[in-house]
Amino acid sequence: QQQVKQSPQSLIVQKGGISIINCAYENTAFDYFPWYQQFPGKGPALLIAIRPDVSEKKEGRFTISFNKSAKQFSLHIMDSQPGDSATYFCAASETDSWGKFQFGAGTQVVVTP
Amino acid sequence: DTGVSQDPRHKITKRGQNVTFRCDPISEHNRLYWYRQTLGQGPEFLTYFQNEAQLEKSRLLSDRFSAERPKGSFSTLEIQRTEQGDSAMYLCASSYRGYMNTEAFFGQGTRLTVV
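Chemist: Please explain the overall build of chain B as it appears in this structure.
Modeler: A tally of helices and strands in chain B yields zero helices and 11 strands. The linear arrangement of helices and strands in chain B, starting from the amino end, is β-β-β-β-β-β-β-β-β-β-β. Its C-alpha atoms give chain B a radius of gyration of 14 Å, within 12% of the compact-globule value 13 Å for 115 residues. Expressed as lengths along the three principal axes of its C-alpha atoms, the size of chain B is roughly 45 × 25 × 25 Å. Of all 115 residues assigned to chain B, the portion counted as buried reaches 46%. A total accessible area of about 6100 Å² is found for chain B, and carbon and sulfur atoms account for 45% of it.

Shown next as structure tokens:
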């Protein structure tokens, strides 16, 4: 049973556009929500993370929006660049089992020139 | 390089053979995790250690799988009597859990192909 559902499966965006990826979770005990970026042949790398006490977090061109009541969170990539072409995974974990993540299925983002 | 190191990067084995993978975490990290990732899917949690103690094992980890972390440093993941369904990328990650938690850093993985 997938505890974190991610959509869309893939996304094509033009350079300079906005990429939006959505995730939903069921387990209300989750209290840490990271996004990971993965390039082919590499391990996932942390991009940005949020805790449920805030509704939004921004780091550079990347923003997480968090809706605790709806149990949803999303990643916005502003001014998308070809170098952003990668697979993005949302994840969730509980502080007590730090690092034990439930990952979404991933979104393959392609940024066209 | 002070990141998480995994060895080998690629392994091709015949069905029924045993394989062992190694993970060297970031030196000051006390937690070490193993994940499995199949093509087009997100990583799935297998097991994790705090120092040398194995704290949790996923139901995905059948009796053919065993993981160890002697002395709380490097870890090994062994798969006995490999099956074609074991073909996947095996990822290791490490973090520090304590008075201040660090993010989990992933290694580049070991890609296993069972033929």
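Chemist: Just to check I follow, could you spell out the sheet that holds strand S8 (residues 72-77) of chain A for this structure?
Modeler: Each strand in a sheet pairs with another by means of backbone hydrogen bonds, the pair being arranged parallel or else antiparallel. All names here are of chain A. Ordered in space as S1-S3-S8-S7-S6, the five strands form an open sheet in which the pairing is antiparallel. Edge strands, defined here as strands with exactly one partner in the open sheet, are strand S1 (4-7) and strand S6 (56-59). Sheet twist, expressed as the mean angle between neighbouring strand axes with direction ignored, is 15°. With six bridges joining them, strand S3 (residues 19-25) and S8 adopt antiparallel strand pairing. Opposite Ser-19, over in S8, you have Ile-77 as the bridge partner.

Chemist: Looking at this structure, I do not really get the nonpolar core. What am I missing?
Modeler: If you look at soluble globular proteins, the nonpolar side chains tend to sit buried side by side. Residue and element names in this part refer to chain A. Of all hydrophobic cores here, the largest spans 24 residues; its most connected members are Phe-33, Trp-35, Phe-73, Leu-75 and Tyr-88. Of all the secondary structure elements, the ones that give two or more residues to this core are strand S2 (10-14), S3, strand S4 (33-38), strand S5 (45-50), strand S7 (62-67), S8, strand S9 (86-92) and strand S11 (107-112). Here this core takes four residues from S9, the largest share from any one element. Once you skip the residues sitting within four places of it in the chain, Leu-75 turns out to touch Ser-19, Ile-20, Ile-21, Trp-35, Leu-47, Ile-48, Phe-62, Thr-63, Ile-64 and Tyr-88.

Chemist: So what exactly am I meant to see when it comes to a nonpolar patch on the surface here?
Modeler: On the surface, Ile18(A), Ile20(A) and Met78(A) cluster together to form a nonpolar patch covering roughly 240 Å² of accessible area. Looking at the element boundaries, Ile18(A) is found in the loop between S2 and S3.

Scoring rules and cut-offs
Residues numbered from 1 in each chain as written. Chains lettered and ligands numbered in written order. Predicted model: local features only at pLDDT ≥ 70, side-chain atom pairs only at ≥ 80, totals over all residues. Heavy atoms only, no water. Helix = DSSP H or I, 4+ residues; strand = E, 2+ residues; numbered from the N terminus. Rg over C-alpha atoms; globule rule 2.2 N^0.38 Å. Buried < 20%, exposed > 50% of the residue type's maximum accessible area, 1.4 Å probe, protein only. Areas by Shrake-Rupley, 256 points an atom, 1.4 Å probe, with all protein chains shown as cover. Pairing = 2+ DSSP bridges. Axes fitted to C-alpha atoms, helices over the stretch in contact; angles between N-to-C directions. Core = buried A, V, L, I, M, F, W, Y, C linked by side-chain atoms within 4.5 Å. Contact = heavy atoms within 4.5 Å. Patch = residues over 30% accessible without salt bridge, like charges linked within 9 Å, V, L, I, M, F, W, Y side chains within 5 Å. Salt bridge = Lys/Arg side-chain N within 4 Å of Asp/Glu carboxyl O.

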